[in-house]
Every structure is written in C-alpha cells, then in structure tokens.
Amino acid sequence: MTTPPGDDRLPDAERVRNGTRLRAEYAVNRIADALRVPSEVTEDATDLLHGALEADASPDCCPETVGAAAAYAAVRRAEYPRTIAEVADAVDGDRSEVCGAYHDMVRTFGLCLDPPDPALFVARIVSEYDLPDAVERRARERLETTEFHDSDSALGVAAAAVVLESDASPADIAESLPLSTLTVRSRYVPRFGER
C-alpha cells in the first residue's frame, strides 16, 4: 500500500518555497500583533507578500525581511501611523534591509505612496499619552502652517508639534516612540519656531 506524499517527500525546491512563505507570513503576523495593526491591513500585507515572493522582488533578503517590507507597504497604503523602524523592530529585523526590501516592493508593484502624514501620528501620540483633544487640534493646526521636507520623519514632526502644544517634554513624548529626546528637541521642535 502506498501513502500519499507528505511534506518530506515534496521536491526540495517546493519545500524551500513553502518554508520561505511560512516564515514570511509568520513575520507579517508578528508585526500585526506587536503593532496592533487592523486585520484588513494584515490581509493586504499578506497579499503583497505573496506577490513579492512570486515575483522574487527581493531575492537576497531573508523571508522575515520580505514579510516586514510587505507589512510596512500595507501600513503605508492604509495610512496607518507606524514607522519602518517599528515594523523592523517587531521582527528584530535590520532597518536598512527592511527599507531596501520595501523599495524593491514599491518598484516591483509600481506603488505610488505619498510621504507619511504627520497629522496621522499626532492622533496616535495624543491617544497614547491620554492628552486632551485640544492638544491634538492645536498640534494639527501647527502642522498646517509649517512646511516640511519629504525626508523628515512624520513621527518626529508630530512629536514636536505635540510637545509644543502640551505640557509634555520631549523626553516624555519620546519615551515610548522610536525617537530620541534629542531628535525631538533639537531637530524637530526648532522647525516650528520658539515655544
């Protein structure tokens, strides 16, 4: 009597593809759990991941890096306020490798994504620190009257706006964010002028 082939009897190349896909999917799910990403964003990340693996968009990257890049692309498409640093850290990934794989994915799929909007991060910061709604409103107004470069960190700009419109210090705000107090205080607060 013959038995149907199990995973151990699959051709080596197919077994490797299955393992790669599972590792990358696990990375997407770890990120979704760690960053409390909505299910529709997680589903989009999984779809992007499968497309990237099929297209071999980042052939030199490990599956976890490709999974993180797919998660970040989905986060950006959904305008969900998370940074590439947070995504990479959720899977203990190298930020520069995740960034490279993300750019590979953008090129492969022709994704047209605007720079992240600092206003989205203002709401997140205000919520995380349980600050009054008036702080969020004033910080958003401050953002509307100041110009920034595409290379500026949306999270850094938002943190500075919240610092200027609340009693919180740069150290208070930077405490649980992937930013240093020095970055908020010295790089972004001065962009808005004096307090």
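Procedures and definitions
Residues numbered from 1 in each chain as written. Predicted model: local features only at pLDDT ≥ 70, side-chain atom pairs only at ≥ 80, totals over all residues. Heavy atoms only, no water. Phe/Tyr/Trp six-rings, centres within 6.5 Å; stacked < 30°, edge-to-face > 60°. Helix = DSSP H or I, 4+ residues; strand = E, 2+ residues; numbered from the N terminus. Buried < 20%, exposed > 50% of the residue type's maximum accessible area, 1.4 Å probe, protein only. 1 Å grid on protein atoms, 1.4 Å probe; cavity = no way out; pocket = protein on both sides within 12 Å on 5 of 7 lines; lining within 4 Å. Points joined across faces, edges and corners; volume = space filled by probe spheres on them. Nonpolar A, V, L, I, M, F, W, Y, C, P; charged D, E, K, R; others polar. Patch = residues over 30% accessible without salt bridge, like charges linked within 9 Å, V, L, I, M, F, W, Y side chains within 5 Å. Areas by Shrake-Rupley, 256 points an atom, 1.4 Å probe, with all protein chains shown as cover. Salt bridge = Lys/Arg side-chain N within 4 Å of Asp/Glu carboxyl O. Lys, Arg positive; Asp, Glu negative; His and termini not counted. Charge placed at Lys NZ, Arg CZ, Asp CG, Glu CD. Contact = heavy atoms within 4.5 Å. Expected span 1.5 Å × (residues − 1). Arc of directions from axis to C-beta. Axes fitted to C-alpha atoms, helices over the stretch in contact; angles between N-to-C directions. Left-handed = near helix turned anticlockwise from the far one by under 90°.

**Regarding the packing of aromatic side chains**
- Evaluation of the coordinates by the stated rule reveals 2 aromatic pairs.
- For the pair Y72 and Y102, a centre-to-centre distance of 4.9 Å together with 70 degrees between the ring planes defines the contact as edge-to-face. Taken as a pair, Y72 in helix α3 (residues 63-77) and Y102 in helix α5 (residues 95-109) lie far apart in primary sequence, 30 residues in all.
- On the accessibility criterion, Y72 (8% relative accessible area) is buried.
- Note on Y102: relative accessible area 5%, which makes it buried.

**What about the layout of surface pockets?**
- Here the largest pocket is characterised by a volume of approximately 600 Å³.
- Considering the residues around the largest pocket, the lining is formed by 28 residues, among which P116, D150, D152, S153 and A154 are closest to the centre.
- Within the residue set of the lining of the largest pocket, elements represented by two or more residues are α3, α4 (84-90), α5, α6 (118-128) and α8 (154-164).
- In terms of residue class, the lining of the largest pocket is made up of 18 nonpolar, 5 polar and 5 charged.
- Lining the second largest pocket are 15 residues; nearest its centre among them are R17, T20, A52, L53 and E54.
- With 4 residues, helix α2 (residues 39-55) is the single largest residue contributor to the lining of the second largest pocket.

**Some remarks on a negative patch on the surface**
- Together, E79, D114, D117 and D150 make up a region of like negative charge exposed at the surface.
- Tracing the chain through its elements places D117 in the loop between α5 and α6.

**Considerations on empty space enclosed by the protein**
- One pass over the full model with this rule turns up 1 cavity of 30 Å³ or more.
- Empty space within the largest cavity amounts to approximately 40 Å³.
- Contributing to the lining of the largest cavity are V28, I31, A32, V37, V41, T42, A45, A71 and V75.
- Contributing elements (two or more residues each) for the lining of the largest cavity: α1 (12-35), α2 and α3.
- Among the residues forming the lining of the largest cavity, the class breakdown is 8 nonpolar, 1 polar and no charged.

**A few points about the side chain of T65**
- In this structure, T65 sits in helix α3.
- Residue class for T65 comes out buried when judged on its relative accessible area of 4%.
- Sequence-distant contacts of T65, defined by excluding residues within four places in its chain, comprise E97, V98 and A101.

**Quick look at helix α7 (residues 133-144)**
- The end-to-end C-alpha distance of α7 is 17 Å, a good match for the 16 Å that 12 residues give at a rise of 1.5 Å each.
- Within α7 the residues assigned to the buried category are V135, A139, R142 and L143. Projected down its long axis, α7 shows its buried positions confined to an angular sector of 100 degrees, all on one face. In this structure, α7 carries D133 and E144 as exposed residues pointing more than 90 degrees from its buried face.
- The inward-facing, buried residues of α7 abut α6 and α8.

**Remarks on the environment of A71**
- If you trace the backbone, A71 turns up in helix α3.
- With a relative accessible area of 5%, A71 lands in the buried category.
- Residues A71 and L49, spaced 22 residues apart in sequence, show a C-alpha to C-alpha distance of 8.0 Å.

**Some details on the packing of α3 against α5**
- Between α3 and α5, the shortest axis-to-axis distance is 8 Å and the interhelical angle comes to 65 degrees. Classified by chirality, the crossing of α5 by α3 is right-handed. Residue-level contacts link T65, V66, A68, A69, A70, Y72, A73 and R76 of α3 to E97, V98, A101, Y102 and M105 of α5.
- Considered class by class, the residues forming the contact of α3 with α5 number 10 nonpolar, 1 polar and 2 charged.

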